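# Inside the fold
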Amino acid sequence: MENDGRLTHVEHGFGPVWDAKSRVLVLGSMPSPKSREASFYYMHPRNRFWPVMEAVFADPSDPGDRVGDTAESRRTFALRHHVALWDVIASCDIIRASDASIRNAVPNDIKPLLANASITHVLTTGMKAAQLYRRLIAPGLATDGFDVPMTPLPSTSPANASMNLARLTAVYRRAFRAAGLPVSLP
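My aim in this report is to walk through the structure given alongside it, one point at a time. (Residues numbered from 1 in each chain as written. Predicted model: local features only at pLDDT ≥ 70, side-chain atom pairs only at ≥ 80, totals over all residues. Heavy atoms only, no water.)

## Quick look at the overall build of the protein chain
Per the secondary structure count, the protein chain includes six helices and seven strands. Secondary structure of the protein chain in N-to-C order comes out as β-β-α-α-α-β-β-β-α-β-α-β-α. Each of the three principal axes of the protein chain carries a C-alpha extent, and together these read 50 × 40 × 30 Å. Taking the intrachain contacts of the protein chain between residues at least 6 apart in sequence as the baseline, contacts between residues at least 24 apart amount to 69%. Surface summary for the protein chain: the accessible area is close to 9100 Å², and the carbon and sulfur share equals 54%. (Helix = DSSP H or I, 4+ residues; strand = E, 2+ residues; numbered from the N terminus. Contact = heavy atoms within 4.5 Å. Areas by Shrake-Rupley, 256 points an atom, 1.4 Å probe, with all protein chains shown as cover.)

Structure, rendered in structure tokens:
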């Protein structure tokens, strides 16, 4: 059980979603308690990541091309649209789901994904994920000869009240399109 106001050491607890056809890697910071409990990404019911993904990618003429509400249906949806999912952090000290509280972050090693998939672009969700990516991951990628552009995106967390669903969807649609993925029409 996580303490309400104190730092708790957490381990990521589950691996990335990807396959050889993945073309864009979406990195969050660290899964929320709800996501760690479900062992899958963006599983807090108020997080807007999956509604955004469905709005950006779902084929309106295909009733089966939907996100669904299970980890497996969401995994299938992401992979169908060539999106890989992971997080910047493998472990850290954090208060609940507060990115601002993150301390002692240890990064995930994304090099195996970049070496074994067709990933041409990284998107980070939220300012903290972008900051940690630049500090903890990008230098090692450059040293090892990986040249993959990264675009920071706004957080889909309900804590990001400045961005409504329509604005988030528009920003994400532009980013995925710029990264070379086919997106649905607005």
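Continuing now.
## Considerations on the side chain of S32
As for its position among the elements, S32 is in the loop between β2 (24-28) and α1 (33-38). For S32, the contacting residues outside a window of four places in its chain are H44 and A97.

## Observations regarding the sheet that holds strand β5 (residues 103-107)
Pairing within the open sheet is antiparallel, and its three strands lie in the order β1-β4-β5. Lying at the two open borders of the sheet, with one neighbouring strand each, are β1 (8-11) and β5. Averaged over all neighbouring strand pairs, the angle between strand axes comes to 10 degrees, with direction disregarded. Here four bridges tie β1 to strand β4 (residues 89-94), and the two strands are oriented antiparallel to one another. Each bridged residue has a counterpart across the sheet, and for H9 the counterpart in β4 is D93. (Pairing = 2+ DSSP bridges. Axes fitted to C-alpha atoms, helices over the stretch in contact; angles between N-to-C directions.)

## A look at helix α3 (residues 71-80)
An α-helical turn contains 3.6 residues, so any two residues separated by three or four positions project in the same direction. Of the residues making up α3, those classed as buried are R74, F77 and A78. End-on, the buried residues of α3 take up no more than an arc of 95 degrees, which puts them together on one face. Residues of α3 that are buried make contact with α2 (49-57) and β3 (83-87). Of the residues one or two after α3, H82 is the one with positive phi, at around 65 degrees. (Buried < 20%, exposed > 50% of the residue type's maximum accessible area, 1.4 Å probe, protein only. Arc of directions from axis to C-beta.)

## Here we look at the packing of α2 against α3
Viewed as axis vectors pointing N to C, α2 and α3 meet at an angle of 40 degrees, and their least axial separation amounts to 11 Å. Taken as axis vectors, α2 and α3 run oblique relative to one another. Read as a crossing pair, α2 and α3 show a hand that is left-handed. For the pair formed by α2 and α3, the contact residues are W50, M53, E54 and F57 on the first element and R74, F77 and A78 on the second. In the contact of α2 with α3, the residues fall into five nonpolar, no polar and two charged. (Parallel < 35°, antiparallel > 145°, perpendicular 65-115°, else oblique. Left-handed = near helix turned anticlockwise from the far one by under 90°. Nonpolar A, V, L, I, M, F, W, Y, C, P; charged D, E, K, R; others polar.)

## Observations concerning the packing of aromatic side chains
Counted by the stated rule, this structure contains six aromatic pairs. A centroid spacing of 4.8 Å and a plane angle of 70 degrees characterise the contact between F14 and Y41, whose relative ring orientation is edge-to-face. Placement of the pair is F14 in the loop between β1 and β2 and Y41 in the loop between α1 and α2, with a sequence separation of 27 residues. Each member of the pair, F14 as well as Y41, carries the same accessibility label: buried. Note on Y42 and F49: the rings are 4.0 Å apart at their centroids and 20 degrees apart in plane angle, and the pair reads as stacked. With a relative accessible area of 12%, Y42 lands in the buried category. Taken together, the aromatic side chains of F14, F40, Y41, Y42, F49 and W50 make up a single cluster linked through ring pairs. (Phe/Tyr/Trp six-rings, centres within 6.5 Å; stacked < 30°, edge-to-face > 60°.)

Remember, this is a structural readout, not a statement about activity or role.
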